[in-house]
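Examination of the molecular architecture
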Amino acid sequence: PRSRGLGDVYKRQRNSTHTSTQALQLDFWTAFVEYCDSVGTTLSLRSPGPRHWYSIAVGRSNFEISLILNSFEGTIRVELYIRGKDAKKNFQQLEAHKQTIESELGCPVEWKELPDQQDSRIVLAKEANYQDREDWESQHSWLKKWAENFHKVFSPIIKKI
């Protein structure tokens, strides 16, 4: 596994002023990146930050895979996040391939056009408490698996629309 020098990034970020929630989120994402490095991944990962999301490029601007920690709902999730002035059109073009996408993913996903907002999402969520450090490896494994699947399935389609 390659080394990202996360220890130094982690120390710098942990030394700044974060809330306890931000510090926990930074710990979670740092451990996620380290987990992916240790087991190997096809994803291009960046340095983690102290926030409830972690973004992964999917090969085209205005699209990204977002990994989300949601303590209010008690979930973690993987989503294809679609933004920008063409978000609704792009969402609808993807939704036209819904059956193929869900078949290739191997599961149904939530198609959230979000009509009252500019952006749209395609979501897969799992009940989980990211504050439970004892469960992190399981959560990291699930996030990695589905982020890789989302990337593999969505990236070729996104590049064509």
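Provided above is the structure to which this section pertains.
No experiment lies behind these values; they were computed from the predicted model shown. (Residues numbered from 1 in each chain as written. Predicted model: local features only at pLDDT ≥ 70, side-chain atom pairs only at ≥ 80, totals over all residues. Heavy atoms only, no water.)

Some remarks on helix α2 (residues 20-39)
An ideal rise of 1.5 Å per residue puts 28 Å on 20 residues; α2 measures up with 28 Å between its terminal C-alpha atoms. For α2, a buried count of 14 out of 20 residues is recorded, marking the element as mostly surrounded by other parts of the structure. In the stretch just after α2, glycine 40 is the one whose phi turns positive, near 90°. (Helix = DSSP H or I, 4+ residues; strand = E, 2+ residues; numbered from the N terminus. Expected span 1.5 Å × (residues − 1). Buried < 20%, exposed > 50% of the residue type's maximum accessible area, 1.4 Å probe, protein only.)

Quick notes on the sheet that holds strand β1 (residues 53-57)
In spatial order, the strands read β1-β2-β3-β5-β4; together these five strands make up an open sheet with antiparallel pairing. Each edge of the open sheet is held by one strand with a lone partner, namely β1 and β4 (110-112). Strand-to-strand twist in this sheet, taken as the mean axis angle between neighbours without regard to direction, amounts to 25°. The pairing of strand β2 (residues 63-70) with strand β3 (residues 75-82) spans eight bridges and is classified as antiparallel. Bridge pairing links asparagine 70 to threonine 75 in β3. Packing of α2 onto the sheet brings it into contact with β1 and β2, and relative to β2 it is tilted by some 125°. (Pairing = 2+ DSSP bridges. Axes fitted to C-alpha atoms, helices over the stretch in contact; angles between N-to-C directions. Contact = heavy atoms within 4.5 Å.)

Details of the nonpolar core
Among the nonpolar cores identified, the biggest contains 43 residues, and Leu67, Leu80 and Leu94 are the most heavily contacted of them. The dominant element in this core, judged by the number of residues it contributes, is helix α5 (residues 136-160), at ten residues. When near neighbours in sequence (up to four residues on either side) are disregarded, leucine 67 contacts Trp29, Phe32, His52, Trp53, Tyr54, Ile56, Arg77, Val78, Leu143 and Ala147. (Core = buried A, V, L, I, M, F, W, Y, C linked by side-chain atoms within 4.5 Å.)

Observations concerning the pattern of salt bridges
One pass over the full model with this rule turns up seven salt bridges. The shortest N-O distance in the salt bridge between glutamate 79 and arginine 121 comes to 3.0 Å. With glutamate 79 in strand β3 and arginine 121 in strand β5 (residues 120-127), this residue pair connects regions lying 42 residues apart in the sequence. A salt bridge links aspartate 86 to lysine 85, with the nearest nitrogen and oxygen atoms 3.4 Å apart. (Salt bridge = Lys/Arg side-chain N within 4 Å of Asp/Glu carboxyl O.)

What to know about the pairing of β1
With five bridges connecting them, β1 and β2 associate as antiparallel partners. Of the residues in β2, the one forming a bridge with tyrosine 54 is leucine 67. In this structure, the hairpin formed by β1 and β2 is closed by a connection of five residues, where glycine 59 is found at a positive phi of approximately 105°.

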